[in-house]
Amino acid sequence: MSRVRDWPFFACIELMTDRGLLWYADVWADPALDRGALNLLRRSGCRGLRLLLWTGSARLSRRLGLGVDPAAARRICRDAAAEGLPISPLVKVGAPGEEEQDRRCTQAWLAL
């Protein structure tokens, strides 16, 4: 079992499965957010995700201590699409310390 499904949040999600509730979730680009967890979200009534990516630059993510891995975020997007969950990435422009190379990384990530 992934550590994401150890979150108390997922215990609540399991209780919501098949109850007819429709909802949306903001999620971090956590590498532990696997296909099984995304499937559980969908089955519980989740109809879309807002992915809190903030930046497509691994360098800037490390510098700001965000703990976001752009490569894991790409995988989460692919897995969410396979589960039928629309996803909207949330990025920030002009973060402290953001350089031109960081902006290019974010643009490239969004172009995928």
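We now turn to the structure provided with this report. Quick caveat: nothing in here was measured; it's all calculated off a predicted structure.

**A short note on the sheet that holds strand β2 (residues 46-54)**
- An order of β1-β2-β3 is seen for the 3 strands of this open sheet, with the pairing classed as parallel. Edge positions in the sheet fall to β1 (23-28) and β3 (87-91), since each has one partner strand and no second. Direction aside, the axes of adjacent strands within the sheet are offset by 25 degrees on average.
- With 5 bridges connecting them, β2 and β3 associate as parallel partners. Within β3, the residue paired with L51 across the bridge is P89.

**Observations regarding the side chain of T106**
- For T106, the location among the structural elements is in helix α5 (residues 100-111).
- By relative accessible area, T106 is classed as buried at 7%.
- Engagement of the side chain of T106 in a polar contact is seen with the side chain of T55, the distance being 3.2 Å.
- The contacts of T106, once residues within four sequence positions are left out, are T55, G56, S57 and V91.

**A closer look at the nonpolar core**
- By size, the foremost hydrophobic cluster in this structure holds 22 residues, and its most contacted members are L38, L41, C46, L49, L51 and L85.
- Within the residue set of this core, elements represented by two or more residues are β1, α2 (35-43), β2 and α4 (70-82).
- Look past the residues within four positions of L51 in its chain and what remains in contact with it is V27, W28, A29, A73, I76, C77, I87, S88, P89, L90 and W109.

**Some words on the pairing of β1**
- Every second residue of β1 is oriented toward a common face, the buried set being W23, A25 and V27 and the non-buried set Y24, D26 and W28.
- Relative to β2, β1 runs parallel, the two being bridged by 5 bridges. Paired with W23 across the two strands is C46, which belongs to β2.

**Description of the pattern of salt bridges**
- On inspection of all chains with the given rule, the structure shows 8 salt bridges.
- Here D26 makes a salt bridge to R50, at a shortest N to O gap of 2.7 Å. In this pair, D26 sits in strand β1 while R50 sits in strand β2, placing the two residues 24 residues apart along the sequence.
- A salt bridge links E83 to R35, with the shortest nitrogen-to-oxygen separation between them at 2.7 Å. A residue pair is termed long-range when its members are at least 10 positions apart, and E83 in the loop between α4 and β3 and R35 in helix α2 qualify at 48 residues.
- Through salt bridges that share partners, E98, E100, R103 and R104 make up one connected network.

**A word on the packing of aromatic side chains**
- In the structure shown here, the tally under the stated rule is 1 aromatic pair.
- Relative to W54, the ring of W28 has its centre 5.8 Å away and its plane inclined at 35 degrees; by these criteria the two rings are tilted. Placement of the pair is W28 in strand β1 and W54 in strand β2, with a sequence separation of 26 residues.
- The exposure class assigned to W28 is partly exposed, which follows from its relative accessible area of 41%.
- Residue classification places W54 among the partly exposed residues on the basis of a relative accessible area of 30%.
- Cation over ring: K92 sits above W54, and NZ or CZ is 5.3 Å from the ring centre.

What counts, and at which threshold
- Residues numbered from 1 in each chain as written.
- Predicted model: local features only at pLDDT ≥ 70, side-chain atom pairs only at ≥ 80, totals over all residues.
- Heavy atoms only, no water.
- Pairing = 2+ DSSP bridges.
- Helix = DSSP H or I, 4+ residues; strand = E, 2+ residues; numbered from the N terminus.
- Axes fitted to C-alpha atoms, helices over the stretch in contact; angles between N-to-C directions.
- Buried < 20%, exposed > 50% of the residue type's maximum accessible area, 1.4 Å probe, protein only.
- Polar contact = N/O pair within 3.5 Å; in protein donor to acceptor, adjacent residues only side chain to side chain.
- Contact = heavy atoms within 4.5 Å.
- Core = buried A, V, L, I, M, F, W, Y, C linked by side-chain atoms within 4.5 Å.
- Salt bridge = Lys/Arg side-chain N within 4 Å of Asp/Glu carboxyl O.
- Phe/Tyr/Trp six-rings, centres within 6.5 Å; stacked < 30°, edge-to-face > 60°.
- Lys NZ or Arg CZ within 6 Å of the ring centre and 35° of its normal.

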